[in-house]
Amino acid sequence: MMKKNFMICGLTGWCIEIIFTSLGAFRKQDMTLTGRTSIWMFPIYGMAAVIGPIYKKIKNVPVLLRGTIYSTGIFFCEYVSGSLLKRHNLCPWDYSDAKTNINGVIRLDYAPLWMATGLLFERIVTHEDVAEGAEAARAS
């Protein structure tokens, strides 16, 4: 299940990033709406698969607090992976121009976006668990 969720999260993250960067092109009035991502982003987004086991421990926590927990975890992973990639001149993003950046690898003003993304990944990685539980309940 974790491998499958890793793949689903990696692919979902890529799609989200392409749409997000396409919207950035639109803001710059670039009507080609070209979106971008990097192969490096697949395993970074794939790590969201850990939200499944985390959710099992915090599922009774209010949604806003869960989103905050996910956002914090995403910031941590983004900082670590971005710092490692940056050390080898491989980081596909650079937030150095943003006011709320930390070492050019995270933007604190993205917290609401990461909260929403974490909650989206929560729905994705727990959807199958819920479906399996319902199926087991029907079978008994």
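Note that the structure is a prediction, hence the values are computed from the model and not measured. Counting restarts for each chain: residues are numbered from 1 in the order of the written sequence. Local features in this predicted model are restricted to residues of pLDDT 70 or higher, and side-chain atom pairs are both shown and tallied only at a pLDDT of 80 or more, whereas totals for entire chains, interfaces and linings draw on every residue. Heavy atoms from the whole structure form the basis of all side-chain values; hydrogens and water molecules are not counted.

(A) Quick look at the side chain of T126. Each helix corresponds to a stretch of at least 4 residues labelled H or I by DSSP, and each strand to a stretch of at least 2 residues labelled E; elements are numbered beginning at the N terminus. Note that T126 resides in helix α5 (residues 111–139). The class for T126 is buried, based on a relative accessible area of 10%. Within the structure, T126 has its side chain in polar contact with the backbone oxygen of E122 (distance 2.6 Å). Here's how the labels work: a residue is buried when its accessible area is under 20% of the maximum for its type, exposed when over 50%, partly exposed in between, all with a 1.4 Å probe on protein chains only. Under this definition, polar contacts are N or O atom pairs within 3.5 Å; protein pairs additionally need one hydrogen-donor-capable and one acceptor-capable atom, and for neighbouring residues in sequence, both atoms have to be side-chain atoms.

(B) Inspection of the pattern of salt bridges at higher detail. By salt bridge we mean one thing: a side-chain nitrogen of Lys or Arg within 4 Å of a carboxyl oxygen of Asp or Glu. If you walk through the whole model with that rule in mind, you get 2 salt bridges. Among the ionic pairs, E122 bridges to R66, the shortest N-O distance being 2.7 Å. Taken together, the positions of E122 in helix α5 and R66 in helix α4 (residues 63–87) put the pair 56 residues apart, joining distant regions of the chain. The exposure class of E122 is buried, given its relative accessible area of 5%. For R107, the salt bridge is made with D109, and the minimal N-O distance between the two is 2.6 Å. Under the relative-accessibility criterion, D109 is labelled partly exposed at 37%.

(C) Spotlight on a nonpolar patch on the surface. Side chains of M2, V50, I54, L65 and I69 sit close together on the surface and give an oily, nonpolar patch of about 390 Å² of accessible area. Here I69 lies in helix α4. Relative accessible area serves as the criterion here: at 35%, I69 is assigned to the partly exposed category. Put simply, a patch holds well-exposed residues, over 30% relative accessible area, that have no salt bridge, with like charges counted together within 9 Å and Val, Leu, Ile, Met, Phe, Trp or Tyr side chains within 5 Å. Accessibility throughout is a Shrake-Rupley quantity obtained with a 1.4 Å probe, and a residue counts as covered only by protein chains that appear here.

(D) Broad picture of the packing of helix α3 (residues 51–58) against α4. Where α3 contacts α4, the axes come no closer than 12 Å and their chain directions differ by 145 degrees. Here α3 runs over α4; the crossing is right-handed. Here α3 contributes I51, I54, Y55 and I58 to the contact with α4, which in turn contributes R66, I69 and Y70. For this classification, Asp, Glu, Lys and Arg are treated as charged, while Ala, Val, Leu, Ile, Met, Phe, Trp, Tyr, Cys and Pro are nonpolar and the rest, including Gly, are polar. When grouped by side-chain class, the residues that make up the contact of α3 with α4 number 6 nonpolar, no polar and 1 charged. Interaxial angle, 0 to 180 degrees, is taken between N-to-C directions of lines fitted to C-alpha atoms, where a helix line uses only the stretch in contact. A clockwise turn of the near helix away from the far one marks a right-handed crossing, whereas an anticlockwise turn of less than a right angle marks a left-handed crossing. We call two residues in contact when some of their heavy atoms are within 4.5 Å.

(E) Geometry of the state of the cysteines. Cysteine sulfurs are considered disulfide-paired once they come within 2.5 Å of each other. Throughout the structure, instances matching the rule amount to 0 disulfides. The structure places no disulfide on C91, whose sulfur is separated from the nearest cysteine sulfur, that of C77, by 14 Å.

(F) Up close: the packing of aromatic side chains. Only the six-membered ring of Trp is used, alongside the rings of Phe and Tyr, when aromatic pairs are assigned; centres must lie within 6.5 Å, and planes under 30 degrees apart are stacked while those over 60 apart are edge-to-face, with the rest tilted. A full pass over the atoms with the stated rule returns 4 aromatic pairs. Arranged with centres 5.9 Å apart and planes meeting at 80 degrees, the rings of F6 and F42 form a pair that is edge-to-face. A residue pair is termed long-range when its members are at least 10 positions apart, and F6 in helix α1 (residues 2–27) and F42 in helix α2 (residues 41–46) qualify at 36 residues. Classification of F42 as buried rests on a relative accessible area of 13%. With centroids separated by 4.8 Å and ring planes inclined at 50 degrees, the aromatic side chains of W14 and F42 adopt a geometry described as tilted. Here W14, found in helix α1, pairs with F42, found in helix α2; they are 28 residues apart in sequence, far enough to count as distant. One aromatic cluster is present, built from ring pairs that chain together F6, W14 and F42. Between the NZ or CZ atom of R107 and the centre of the ring of Y95, over which it lies, the distance is 5.9 Å. Look at NZ for Lys and CZ for Arg. If either is within 6 Å of the ring centre and within 35 degrees of the ring normal, a charge sits over the ring.

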